[in-house]
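Overview (structure and organization)
These are the residues of each chain, in order.
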Amino acid sequence: MSVIKVTNFQGVDMIESGFSWFGKPLLNVFCFYVDGILIDTGQHRMQKSIIKTLENKKINQILLTHHHEDHTGNAQILSSIHQAPIYANELSMPFITKGFPYRIRFYQWFHLGKIELIKNPLPYLEKFETKNICLEPIYTPGHCQDHYCFLERNKGWLFSGDLYIGNLQVMRNNDEDMTTMIESIIKMLEYDFDVLFCCHHPKITNGKKYLRYKLEYLQEFQQKAIHFYQQGYSVKEIMRKMNKKENWFFKVYTENDIGVDFMVKSALRKVKND
Ligand SMILES: [Zn+2]
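Residues numbered from 1 in each chain as written. Predicted model: local features only at pLDDT ≥ 70, side-chain atom pairs only at ≥ 80, totals over all residues. Heavy atoms only, no water.

Here the focus is the overall build of the chain. From N to C terminus, the chain includes ten helices and 14 strands. Relative to its length of 274 residues, the chain is compact, with a C-alpha radius of gyration of 19 Å against a globular reference of 19 Å. On the principal axes, the C-alpha backbone points of the chain span a range of 60 × 40 × 35 Å. Counting over 274 residues, the chain shows a buried share of 56%. (Helix = DSSP H or I, 4+ residues; strand = E, 2+ residues; numbered from the N terminus. Rg over C-alpha atoms; globule rule 2.2 N^0.38 Å. Buried < 20%, exposed > 50% of the residue type's maximum accessible area, 1.4 Å probe, protein only.)

Below is the structure:
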């Protein structure tokens, strides 16, 4: 059963949606509405519910953290309905206006829906200010090249897009780079915030602590992988040494787009590039 649920924390509407043909949704996606600003727009498969949930809200601006389909899937339609401009960063522009530089796999289409190209998005402003809040875009690549977070310094909020997500056991074949991810998390931990408005697993208290856990998790993973690599082990052997088993159902289901091996390869890119 598909789900859509809205909770409010400190004046921010947290809109959670999960699509399913049967059983529980595979992935829940959040977008956030505060003071006339919508941050990310959810997956296309949940379009009707998301439109309905937002129908009585006054959306003045739509901000996108990055190009992925579960963040941009309803941007164009919401922009048309609410007559609101869409703001995206320069690196996202070609992907969201012309199409993604990689093939959308069956599992993405099946669970998240199609990609809807965006007409005339505007480049990010230096800051997005309303009467009550001020959102500052900060470049945080790693999850993908065009990823930004939005920081509200006074409130202590970080709209972190997909910077956090949690301690994932797998990674995608394209896009994700562990070293860059680690650098981006270190950069964000220099700021003060307590609420982590993550698009998949928000943490409404102790957000910074959770982001620090993620950093430690990635650093430990990377150090171990590099240690074994430098002893001459292959990716498969490194996985065995680290007690990581490939999830073959997942691997086949995603047409070799997601896997444990990609996470090891992403960790090793640091030394292989040097
Ligand atoms: Zn993403």
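What the rule picks out here adds up to 21 aromatic pairs. Seen in terms of ring centroids, Phe-128 and Phe-150 are 6.1 Å apart; in terms of plane orientation they differ by 75 degrees. Their pairing is edge-to-face. Note that Phe-128 is positioned in strand β8 (residues 128-129) and Phe-150 in strand β10 (residues 148-152), a separation of 22 residues in sequence. As far as the burial class goes, Phe-128 and Phe-150 line up, both buried. (Phe/Tyr/Trp six-rings, centres within 6.5 Å; stacked < 30°, edge-to-face > 60°.)

With that settled, consider the state of the cysteines. For the structure shown, the criterion picks out zero disulfides. Counting only cysteine sulfurs, Cys-149 is the nearest neighbor of Cys-134, a cysteine outside any disulfide, at a range of 15 Å. No disulfide involves Cys-144; its nearest neighbouring cysteine sulfur is the one of Cys-149, lying 11 Å away. (Disulfide = S-S within 2.5 Å.)

Perfect tetrahedral coordination of a metal by four donors corresponds to 109.5 degrees between them, and perfect octahedral coordination by six donors corresponds to 90 or 180 degrees. For the zinc ion, the full set of protein donor atoms is His-66 (NE2), His-68 (ND1), His-143 (NE2) and Asp-162 (OD), and the range of their distances to it is 2.1 to 2.2 Å. Taken together, the four donor atoms coordinating the zinc ion span angles of 88 to 174 degrees at the metal, a pattern that classifies the geometry as irregular. Positions of the donor residues of the zinc ion along the chain correspond to the pattern H-x1-H-x74-H-x18-D. Of this pair, His-68 sits in the loop between β5 (61-63) and α2 (69-72) while His-143 sits in the loop between β9 (134-139) and β10; the two residues are 75 residues apart in sequence, bridging distant segments of the chain. Each member of the pair His-68 and His-143 is classed as buried. (Donors = N, O, S within 2.8 Å, 3.2 Å for Na, K, Ca; no water. Tetrahedral: all angles 85-135°; square planar, octahedral: opposite > 155°, others 65-115°.)

Membership of the largest hydrophobic core comes to 37 residues, with the highest contact counts inside it found for Leu-158, Met-178, Leu-211, Leu-218 and Val-264. Only β10, α6 (178-188), β13 (195-198), α7 (207-230), α8 (235-241) and α10 (260-273) provide two or more residues apiece to this core. Per-element accounting of this core gives the leading share, eight residues, to α7. Phe-9, Val-34, Leu-135 and Phe-150 belong to the second-largest nonpolar core, a separate cluster that totals 21 residues. (Core = buried A, V, L, I, M, F, W, Y, C linked by side-chain atoms within 4.5 Å.)

The complete set of buried residues in helix α3 (residues 75-82) reads Ala-75, Gln-76, Leu-78, Ser-79 and His-82. Two residues or fewer after α3 comes Gln-83, characterised by a positive phi angle close to 55 degrees.

Here we come to the pairing of strand β1 (residues 3-9). Moving residue by residue along a regular strand, the side chains alternate between the two faces of the sheet. Pairing analysis gives seven bridges linking β1 to strand β2 (residues 12-18), with the strands arranged antiparallel. Along β2, the bridge assignment pairs Val-6 with Ile-15. Taking the residues that link successive antiparallel strands as the turn, the β1-β2 hairpin has two residues, and the phi of Gln-10 there is positive, at about 50 degrees. (Pairing = 2+ DSSP bridges.)

That's the geometry; what it means functionally is another story.
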